[in-house]
Structures are given as C-alpha cells and as structure tokens.
Amino acid sequence: MKVSQQGNTVILEDIKHFNPKHIFECGQCFRWIKQEDDSYTGVAMGKVINVKQDGDKIYLDNTTKEDFDNIWYDYFDLGRDYEEMVNTLKVMDEYLEKATEFGEGIRILKQDGWEMLISFIISANNRIPMIQRAINNLSKNFGTYIGEYKNQEYYAFPTPQQLNKATIEGDVTALKQLGELLEFLCEETLVNPSYKEIKEIGITLPLEMKTTILTYVQAGIDGLKSFRKEQERIENNQSVGEI
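Residues numbered from 1 in each chain as written. Predicted model: local features only at pLDDT ≥ 70, side-chain atom pairs only at ≥ 80, totals over all residues. Heavy atoms only, no water.

## Some remarks on the overall build of the chain
Under the convention used in this document: Secondary structure is summarised from DSSP: a helix means a run of H or I of at least four residues, a strand means a run of E of at least two, and numbering begins at the N terminus for each. Buried, partly exposed and exposed residues are distinguished by accessible area as a fraction of the type maximum, computed with a 1.4 Å probe on protein chains only: under 20%, between the cut-offs, and over 50%, respectively. Any two residues having at least one pair of non-hydrogen atoms within 4.5 Å are treated as being in contact. Under the convention used here, a 1.4 Å probe and the Shrake-Rupley method define accessible areas, while residue burial counts only the protein chains that appear.
In terms of regular secondary structure, the chain is built from 10 helices and 8 strands. Residues classed as buried in the chain amount to 36% of the 243 residues present. Across the chain, every contact between residues at least 6 apart in sequence was considered, and the portion connecting residues at least 24 apart equals 60%. Accessible surface, the chain as shown: approximately 14900 Å² in total, 51% of it carbon and sulfur.

## Structural notes on the side chain of Asp77
Rule in force here: Contacts described as polar in this section are N or O atom pairs within 3.5 Å, which, within protein, must combine one atom able to donate a hydrogen with one able to accept it, while residues neighboring in sequence count only if both atoms come from side chains.
Topologically, Asp77 is positioned in the loop between α2 (65–75) and α3 (82–90). Using a relative accessible area of 6% as the deciding quantity, one classes Asp77 as buried. Of the polar contacts made by the side chain of Asp77, one reaches the side chain of Tyr82; its length is 2.6 Å. Other than its neighbours up to four places away in sequence, Asp77 contacts Tyr82, Arg107, Ile108 and Lys110.

## Thoughts on the sheet that holds strand β6 (residues 57–61)
The criterion, for reference: At least two DSSP bridges between two strands are needed for those strands to be called paired. The convention used is that axes are lines fitted to C-alpha atoms, helices contributing only their stretch in contact, and that angles between N-to-C directions extend from 0 to 180 degrees.
Ordered in space as β1-β2-β6-β5-β4-β3, the 6 strands form an open sheet in which the pairing is antiparallel. The open sheet has two free edges, formed respectively by β1 (2–6) and β3 (32–34), since each of these has just one partner strand. Strand-to-strand twist across the sheet, computed as the mean angle between neighbouring axes with direction ignored, equals 20 degrees. When β1 meets strand β2 (residues 9–13), the two strands line up antiparallel, connected through 5 bridges. Residue pairing across strands places Ser4 opposite Ile11, the latter belonging to β2. Contacting β1, β2, β3, β4 (40–44), β5 (47–54) and β6, α2 runs over the sheet at an angle of about 80 degrees to β5.

Right, here's the structure in full:
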C-alpha cells in the first residue's frame with residue numbers, strides 16, 4: 001500500500017480488501033453517511049473525514065498524513081492481513097466461502113469503546129435511520145463542536161462527563177433523549193436486582209444515580225483498553241515468531 005498526501009487529502013494506492021460500502025453499511029457503525037457521489041462522510045475520534053473509492057485508490061479527504069499515521073491506520077485496521085483471513089475462511093466450508101464473497105472488503109473498525117457501546121444500546125429495536133438520528137442529536141446537544149465540512153456542522157460524540165453535566169436548564173428534547181439513554185443503560189447493566197425488579201417494588205432511581213451508573217459503565221470500557229493492547233502485543237509477538 002502506497003500512502004501520499006495532496007492538499008488536505010490522503011491517497012491510499014494498491015490497497016486490498018477495502019470496500020467503503022461494505023465497511024460503513026454492514027451495521028458496525030452509525031455515523032458514516034453516504035453522499036451523492038457515493039463517498040462516505042463520517043465522524044470518528046473527534047475528526048470529520050470523507051472516504052471515497054476510485055478503482056484501486058482510496059481518498060481520505062479533510063485529513064493529513066500525520067492523522068492517517070496516528071489515527072486512521074489503526075481505525076481502519078490497515079495493519080491486519082485480511083487477505084490471509086479470507087483465504088483461510090473460504091476453504092472451510094461453502095457457507096463461509098459465500099460469506100467472504102458477500103462481505104468482500106469489510107474491515108473491522110477500531111471504534112471508541114464508549115461511543116460504540118452507547119450506539120449499540122440505542123440500536124436495540126431501532127431502524128438504522130433512527131439510530132443515526134438519535135446519535136447525531138446526542139452529539140449535537142451534548143458533544144464538542146468539531147467544525148464545518150462542506151457546509152455542515154459536526155460534533156463529537158459526548159463523553160460521560162459531558163452527559164453528566166447536562167442540567168434541567170438544557171433543551172427539553174435533548175434532555176428527554178438523555179433520559180431515554182440513561183434508561184437504556186440501567187436496563188442493560190443492572191443485573192441483581194434488575195432494573196425491572198427495582199421499578200416493580202416502587203423504587204425510582206434519581207438522575208444522579210443513573211449518571212453514576214453511566215460513569216461506572218465508562219470505567220469498565222476504559223479497563224478493556226489495556227486488554228486490547230495486551231492482545232495486540234501477543235498477536236505482534238506471534239507474528240514476529242512466525243517470520
């Protein structure tokens with residue numbers, strides 16, 4: 001793979017197993033929106049970029065080579081040999097062979113754990129347009145303003161701290177959405193007793209307690225970061241040993 005920069009666009013040449021449609025429309029992410037020219041504009045890692053495929057080239061607009069090296073190389077999992085994985089899977093049986101053909105070019109995005117968790121909680125029993133709208137509204141109402149790209153404003157997904165600071169003086173619709181999110185979190189995280197059991201005996205959790213649960217959820221996600229790094233270290237060591 002050859003990487004170069006022209007203006008504010010990074011160009012990837014001779015890249016294999018990178019199909020934007022399959023990557024962004026497979027259901028693993030909800031902030032990448034298809035544009036009229038078949039490119040995709042998305043918000044990730046506090047940045048806004050546009051991804052477009054043209055033959056064997058991938059154009060990453062609104063970014064730099066430095067950001068590619070520090071952010072997008074890992075985000076798009078470009079250090080992993082997907083061709084080797086596909087070749088291994090497709091000879092196992094006919095179903096996996098069909099799956100690898102159908103999902104050609106999919107890459108597993110290394111998304112922010114907190115945003116990914118909340119996104120998939122919101123996705124329960126929702127259609128993709130509704131999920132995208134809910135996440136974008138959360139970001140606009142509570143997240144940090146990133147900037148404007150092609151006449152549209154973009155916001156980062158809110159941190160737990162930003163959600164905790166939401167007060168009753170805020171927009172009614174936004175706070176209603178935040179309340180629904182906290183309800184989702186309580187339903188998914190409380191086990192013994194469950195949130196349903198707590199409500200059945202007439203106990204109402206105050207907002208302060210629900211936001212505390214939100215903070216603990218984030219702490220759990222942060223704890224997984226060291227686990228991910230350790231797994232990557234093990235994989236790298238195995239790869240070196242095979243050489």
